[in-house]
Amino acid sequence: MSISTGEHDHLLHQLAGWHGDSVRLHEYSLHTVQQELGSRHPRALAVLLDSAEYVDAPDFEGLIADCVTLYAADDEKTIDVCTAVAVDMHRRGRHDDAVGLLERSLTDNERVRGIDSRLTLEAREHLALALLRIPDRVSEAIVVLGQALRDRERIIDLDDTVAIDLRYRLMSYYVENSRDELAIPLLERILDSAERVHGKDHPETVHARKGLAALYRGTNRYASEIPLLAYDLVVCERELGPDHDDTIEARFQLAWSSWHSGNPEHALPLFEQVLAAHERLRGPGHDDTIPVRRILSHLYAARFEQFDKAADQCEHLLAHHERNYGPRHNDTLVVCNNLAHAYHKTDRIPEAIDLHERVLTIRMDTLGSDHPDTLLTLHNLAAIYGQLKQHDRCADAYERILAVRKRVVGPHDPMTLLTRDNLGAAYSALGRYTDSIEQHKLALAGRGHILGPEHPDTLASSHNLAFALVAAGHHDEAIALAARTVDDRERVLGPDHPGALSTRHLLGRAYHAAGHRDAAITTLTRALADRVRVFGADHRYTAVTREALVLAQRAEARPTKQ
């Protein structure tokens, strides 16, 4: 049977899913057309493709064979029919059959039209999408999809809408499979295209920017996230106002990333602005203030040493936690400890002791005397007792801690060794120099074995032992150890490190105690100059060294032992 060129073109349009205005064959029933024209007639084939029966029982190979008869195997119309049939099969859920036809179509397109043909490109894209729907062929689909994306960017345009869609599909696959390092460059390109095509404030651009910022945050690339968050904050402030929830959240996210990128100076005022907005809009006791207060209390205390401000935030946190969790909840006790530390640093000692003793009582009752949190609270109390020169209570607390830690975690655990060092200092304050030296020697030996001879904690124990030796009058031993520790600390920590400066000061004191006036003056003069440069002329450490130097200068000279 011969058909006209017009019927050929009509068949192609129908097979490709294109509906012309001239004839709408889908209005006729498949049964009627087959009766009138025969089941192999081009019009009958076209209606078959549009019918519901297409999925159930079509002879696809026969259909393609008929197209080959009508045209030729390598005719572009036959290839397009093959592609159209495969795409329709994919749309109807017959993905395995679609993949086979699309692989054939892609091969034919590459051979007939070339690898840079737009239709070759589309065949590869259809193949990738069909493969994605077959679970055990997803990895193969990603390879094909990546090639399709590269080809479209090269052949068509970087900002082509299909290229952007392919990037989104690839990016989504990588994110779902926790391969963010591969997703990030794709989303960066998506954002670049969105900014060029739509502008920086278009919803699609905003969506891409927020997604990229989230990926940066999830991979701890906070510095990369900051420019995106900063622009979002500017947009929110301009479009929504400073007190809109989205603006406040954008400011919080920028503060968080600034903090975690190592720029707490930039983060602090942003967090303060977030807190002020929450307090103004919702009240100082609202739950939304709590996460910001927690962060601010940490920054004030740990980074900026603004302990009065840290105490203020902790007081708000404590009131909230007691109201919502109860006075014995662990989170409440953690805040109590933090508040006590802030009180301690601002010389509100009675209040600090009251809080620590309250926490200690509850933790002894709920956790027991051997629990690490109980020991930490007791350790904090011991430090305050030492500051108050209540050395008996300080030593007693450290003895209790040491006994538990030796039994529970062993004599060589770092926390056990830390407690030994602290107990040695308490013994020195009590004049129990033999006991002090014993504890410091055990701490030094343990840390040297566990941490190594040049670890900062080992060097701290060496300094502490030298201090105890000076106090005990073991001058020669103290001088030798202090001199060695100065050299080690300057080499390991740097010449301006507070620890190195402290040990040089101690060495000068050891010379003075031994009667070596010239060596003491030389050493303390350098220590004073270093502390003035590092801490300033009015710092308390500087004042201590200045006083020691004056005493050395007034002392009667005795010859230095070589």
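It should be noted that the structure appears before, not after, this text.
Here goes a summary of the coordinates provided. Nothing here was measured: the structure is a model prediction, and the numbers come from that model.

### Some remarks on the overall build of the protein
Here comes step 1: For the protein, the helix and strand inventory stands at 28 helices and zero strands.
Here comes step 2: The buried share of the protein, reckoned over its 562 residues, is 44%.
Here comes step 3: Put simply, of all contacts in the protein between residues at least 6 apart along the chain, 51% involve residues at least 24 apart.
Here comes step 4: Looking at the protein as shown, the accessible area adds up to about 27,800 Å², and 51% of this sits on carbon and sulfur atoms.

### What about helix H26 (residues 498–513)?
Here comes step 1: Look at H26: 22 Å from first C-alpha to last across 16 residues, which is about the 22 Å you get at 1.5 Å a residue.
Here comes step 2: Within the span of H26, buried status applies to Gly499, Ala500, Leu501, Thr503, Arg504, His505, Leu506, Leu507, Gly508, Ala510 and Tyr511.

### Points about the side chain of Thr523
Here comes step 1: Position of Thr523 among the secondary structure elements: in helix H27 (residues 517–535).
Here comes step 2: Residue Thr523 is classed as buried on the basis of its relative accessible area, which comes to 10%.

### Describing helix H22 (residues 414–429)
Here comes step 1: Its 16 residues place the ends of H22 23 Å apart at the C-alpha level, agreeing with the 22 Å of an ideal helix rising 1.5 Å per residue.
Here comes step 2: Every buried residue of H22 is accounted for by Thr416, Leu417, Thr419, Arg420, Asp421, Leu423, Gly424, Ala426, Tyr427 and Ser428.
Here comes step 3: Residue Asp413 occupies the N-cap position of H22, its side-chain oxygen lying 2.9 Å from the main-chain nitrogen of Met415.
Here comes step 4: Downstream of H22 by a residue or two, Gly431 has a phi angle that is positive, lying close to 80°.

### Observations regarding the side chain of Asp151
Here comes step 1: By secondary structure assignment, the location of Asp151 is in helix H9 (residues 138–155).
Here comes step 2: Using a relative accessible area of 6% as the deciding quantity, one classes Asp151 as buried.

### Structural notes on the packing of helix H24 (residues 456–472) against H26
Here comes step 1: Two numbers describe how H24 lies on H26: the axes approach to 10 Å, and their chain directions differ by 20°. For the element pair H24 / H26, the angle class is roughly parallel. Note that H24 runs across H26; the crossing there is left-handed. Note on element contacts: H26 touches H24 through Ser502, Thr503, Leu506, Arg509, Ala510 and Ala513, opposite His463, Ala466, Phe467 and Val470.
Here comes step 2: Per-class residue counts for the contact of H24 with H26 are six nonpolar, three polar and one charged.

### Concerning the pattern of salt bridges
Here comes step 1: Counted according to the given criterion, the structure contains 46 salt bridges.
Here comes step 2: Note that Asp365 is salt-bridged to Arg328, the shortest N-O span being 2.5 Å. With Asp365 in helix H19 (residues 349–366) and Arg328 in the loop between helix H17 (307–324) and helix H18 (330–345), this pair connects stretches of sequence that are 37 residues apart.
Here comes step 3: Judged by its relative accessible area of 56%, Asp365 is exposed.
Here comes step 4: Arg526 is the salt-bridge partner of Asp530, the closest N and O atoms lying 3.7 Å from each other. Here Arg526 and Asp530 lie together in helix H27, a separation of four residues that amounts to about one turn.
Here comes step 5: Using a relative accessible area of 40% as the deciding quantity, one classes Arg526 as partly exposed.

### Here we look at unusual backbone geometry
Here comes step 1: Backbone geometry places Ser178, a non-glycine residue, at a positive phi of 55°.
Here comes step 2: On the secondary structure map, Ser178 appears in the loop between helix H10 (161–176) and helix H11 (180–198).
Here comes step 3: A positive phi is found at Lys389, a non-glycine position, where the angle reads about 60°.
Here comes step 4: In this structure, Lys389 sits in the loop between helix H20 (372–387) and helix H21 (391–408).
Here comes step 5: Overall, the relative accessible area of 64% leaves Lys389 in the exposed class.

### A word on the packing of aromatic side chains
Here comes step 1: Under the counting rule described, the total for this entry stands at six aromatic pairs.
Here comes step 2: For the pair Phe252 and Phe271, a centre-to-centre distance of 5.7 Å together with 70° between the ring planes defines the contact as edge-to-face. Of this pair, Phe252 sits in helix H14 (residues 245–260) while Phe271 sits in helix H15 (residues 264–282), placing them 19 residues apart in sequence. The same class applies to Phe252 and to Phe271, which are both buried.
Here comes step 3: Feature note: the residues Phe252, Trp256, Trp259 and Phe271 constitute an aromatic cluster, connected by ring pairs.
Here comes step 4: In this structure, Lys200 is placed above the aromatic ring of Tyr231, and the distance from its NZ or CZ to the ring centre is 4.1 Å.
Here comes step 5: The positively charged end of Arg303 is found above the aromatic ring belonging to Phe304, 5.5 Å away from the centroid.

What counts and how
- Residues numbered from 1 in each chain as written.
- Predicted model: local features only at pLDDT ≥ 70, side-chain atom pairs only at ≥ 80, totals over all residues.
- Heavy atoms only, no water.
- Helix = DSSP H or I, 4+ residues; strand = E, 2+ residues; numbered from the N terminus.
- Buried < 20%, exposed > 50% of the residue type's maximum accessible area, 1.4 Å probe, protein only.
- Contact = heavy atoms within 4.5 Å.
- Areas by Shrake-Rupley, 256 points an atom, 1.4 Å probe, with all protein chains shown as cover.
- Expected span 1.5 Å × (residues − 1).
- Polar contact = N/O pair within 3.5 Å; in protein donor to acceptor, adjacent residues only side chain to side chain.
- Axes fitted to C-alpha atoms, helices over the stretch in contact; angles between N-to-C directions.
- Parallel < 35°, antiparallel > 145°, perpendicular 65-115°, else oblique.
- Left-handed = near helix turned anticlockwise from the far one by under 90°.
- Nonpolar A, V, L, I, M, F, W, Y, C, P; charged D, E, K, R; others polar.
- Salt bridge = Lys/Arg side-chain N within 4 Å of Asp/Glu carboxyl O.
- Phe/Tyr/Trp six-rings, centres within 6.5 Å; stacked < 30°, edge-to-face > 60°.
- Lys NZ or Arg CZ within 6 Å of the ring centre and 35° of its normal.

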